[in-house]
Amino acid sequence: MSGDSDCTRTSPSAGSPSDNEFLPDRPKYVCTLSPDLITKAREELQEKPEWRLRDVQALRDMVCKDYPSLGTCLDDAFLLRFLRARKFDYDRALQLLVNYHTCRRSWPEVFNNLKPSAIKPVLESGFVTVLPRLDPDGRHIVCIRPDRWTPSNYPITENIRAIYLTLEKLIQSEETQVNGIVILADYKGVSLSKASHFGPFVAKKVIGILQDGFPIRIKAVNIINEPRIFKGIFAIIKPFLKEKLANRFFLHGCDLNSLHQNIPPAILPEEYGGTSGKLDTSAWNELLLASEEDFQHDFSQLVLPCDNSPHDMLGSGDADEKQCDDSLRGMKPQLYYCY
């Protein structure tokens, strides 16, 4: 079902009450949050349970009025992700939703044929996984290990696809929508040659998605075992970071005690001085791969419009890539210096 027809049939101003028989069947939203999380959502996200469905309908109406060809899913649960990510500010939630679709359209190397089975080699390498236990604030820990990637096996975009699907899976949980996530990135063994694949063009795209194009709250980014080369990598990333997210980066070096101040040892694997056993990626891989049909169903509702498209939030085309290539040439001396 296209977003255009969906909007035409669901906007309150689109027809008479007799049109109700043509309304598409949508899953009825049922809140799964605990009483404590309902209170947290009220205090931190300005979410009022008694107004929740009214707010969702308001966002739906805005989509139908301003972006009738967006081609988005309009289910309550789906739109609620964007409201929570922007603290129920209608305008900001709408922009986030538009950006979400713009990101998907502007980077076909990442978003074409996006499904778990397509990124199985990345999952098997252990590049990205989710630790089995939540932190004390109820947040999942996304563990990224760039040293597990061999560039000759597949391009860097495959890693980005795996991270994106991981986030898509996590954000299905209402608990994650409220609590957010924590990232743990282990840069042990990252060489200059590997770092050179992450230039400004890729950095701009990835940061654009994480900050402005995906409905998830990143509460902390913990960097461990970063070599001197990471100074060059961070120099590439930092210009694209907003101050709020930049302040949530924590560089621990090889100091596990420093890491443990942010993430308790009880939920960390032995590799990071934790007490929860060896790092095992198989459970998360199996969960993600078992979600193949769910992803295919969800993504089938995201129709790419042929015209009337919103402005490309991230920028695209040869001019944008050329500008980033020029920036990369300027950054390379920093990479070599740090190395």
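Here, the structure is the one placed above.
Reading the values: rules and limits
- Residues numbered from 1 in each chain as written.
- Predicted model: local features only at pLDDT ≥ 70, side-chain atom pairs only at ≥ 80, totals over all residues.
- Heavy atoms only, no water.
- Phe/Tyr/Trp six-rings, centres within 6.5 Å; stacked < 30°, edge-to-face > 60°.
- Helix = DSSP H or I, 4+ residues; strand = E, 2+ residues; numbered from the N terminus.
- Buried < 20%, exposed > 50% of the residue type's maximum accessible area, 1.4 Å probe, protein only.
- Lys NZ or Arg CZ within 6 Å of the ring centre and 35° of its normal.
- Axes fitted to C-alpha atoms, helices over the stretch in contact; angles between N-to-C directions.
- Parallel < 35°, antiparallel > 145°, perpendicular 65-115°, else oblique.
- Left-handed = near helix turned anticlockwise from the far one by under 90°.
- Contact = heavy atoms within 4.5 Å.
- Pairing = 2+ DSSP bridges.
- Salt bridge = Lys/Arg side-chain N within 4 Å of Asp/Glu carboxyl O.
- Arc of directions from axis to C-beta.

**Some remarks on the packing of aromatic side chains**
Using the criterion set out here, one finds 10 aromatic pairs in the structure. A ring pair is formed by tyrosine 187 and phenylalanine 230, whose centres lie 4.8 Å apart and whose planes are at 65°; its orientation type is edge-to-face. Here phenylalanine 230 lies in helix α12 (residues 229–237) and tyrosine 187 lies in the loop between β3 (181–186) and α10 (192–195), a separation of 43 residues in the sequence. Phenylalanine 230 shares its class with tyrosine 187; the two are buried. Members of the aromatic cluster, connected to one another through ring pairs, are Phe78, Phe82, Tyr100, Phe111, Tyr164 and Phe214. Positioned above the aromatic ring of tryptophan 51, the side-chain terminus of arginine 54 is 4.5 Å from the ring centre. The ring of phenylalanine 299 is capped by arginine 104, whose NZ or CZ atom sits 4.4 Å from the centre of that ring.

**Observations regarding the packing of helix α4 (residues 76–85) against helix α5 (residues 90–106)**
Look at α4 against α5: their axes get within 8 Å of each other, and the N-to-C directions meet at 120°. Judged by the angle between their axes, α4 and α5 are oblique. Crossing of α4 against α5: the hand is right-handed. Residues Phe78, Leu79, Phe82, Leu83 and Ala85 of α4 lie in contact with α5, whose contacting residues are Tyr90, Ala93, Leu96, Leu97 and Tyr100.

**Here we look at the environment of leucine 302**
Along the polypeptide, leucine 302 turns up in the loop between α16 (292–300) and α17 (318–338). On the basis of relative accessibility, which here comes to 10%, the residue leucine 302 falls in the buried class. Excluding residues within four positions of it along the chain, leucine 302 makes contact with Gly71, Thr72, Cys73, Phe78, Tyr100, His101 and Arg104.

**Thoughts on the pairing of strand β2 (residues 140–144)**
Counting buried positions along β2 yields four of five residues, so the element is predominantly enclosed. Across three bridges, the pairing between strand β1 (residues 128–130) and β2 is antiparallel. From the neighbouring strand, threonine 129 faces β2, where its bridge partner is cysteine 143. Pairing analysis gives five bridges linking β2 to β3, with the strands arranged parallel. Bridge assignment links valine 142 to a residue of β3, and that residue is isoleucine 183.

**Quick look at the pattern of salt bridges**
This model, assessed by the stated rule, comprises 12 salt bridges. Across the pair arginine 217 and glutamate 44 runs a salt bridge, and its minimum N-O distance is 3.7 Å. Taken as a pair, arginine 217 in the loop between α11 (200–212) and β4 (218–224) and glutamate 44 in helix α2 (residues 35–45) lie far apart in primary sequence, 173 residues in all. The closest approach of N and O atoms between lysine 278 and glutamate 270, which form a salt bridge, is 3.6 Å. What emerges from the salt-bridge pattern is a single network uniting Glu47, Arg52, Arg84 and Glu174.

**Considering α2**
Among all positions in α2, only Leu37, Lys40, Ala41 and Leu45 are buried. Axial view of α2: buried residues confined to an arc of 100°, hence all on one face. Those residues of α2 that are exposed and angled more than 90 degrees off the buried face are Pro35, Asp36 and Glu43. Contacts made by the buried residues of α2 are with α4 and α9 (174–179). Where α2 ends, the next residue or the one after it, glutamine 46, has phi of about 60°, a positive value.

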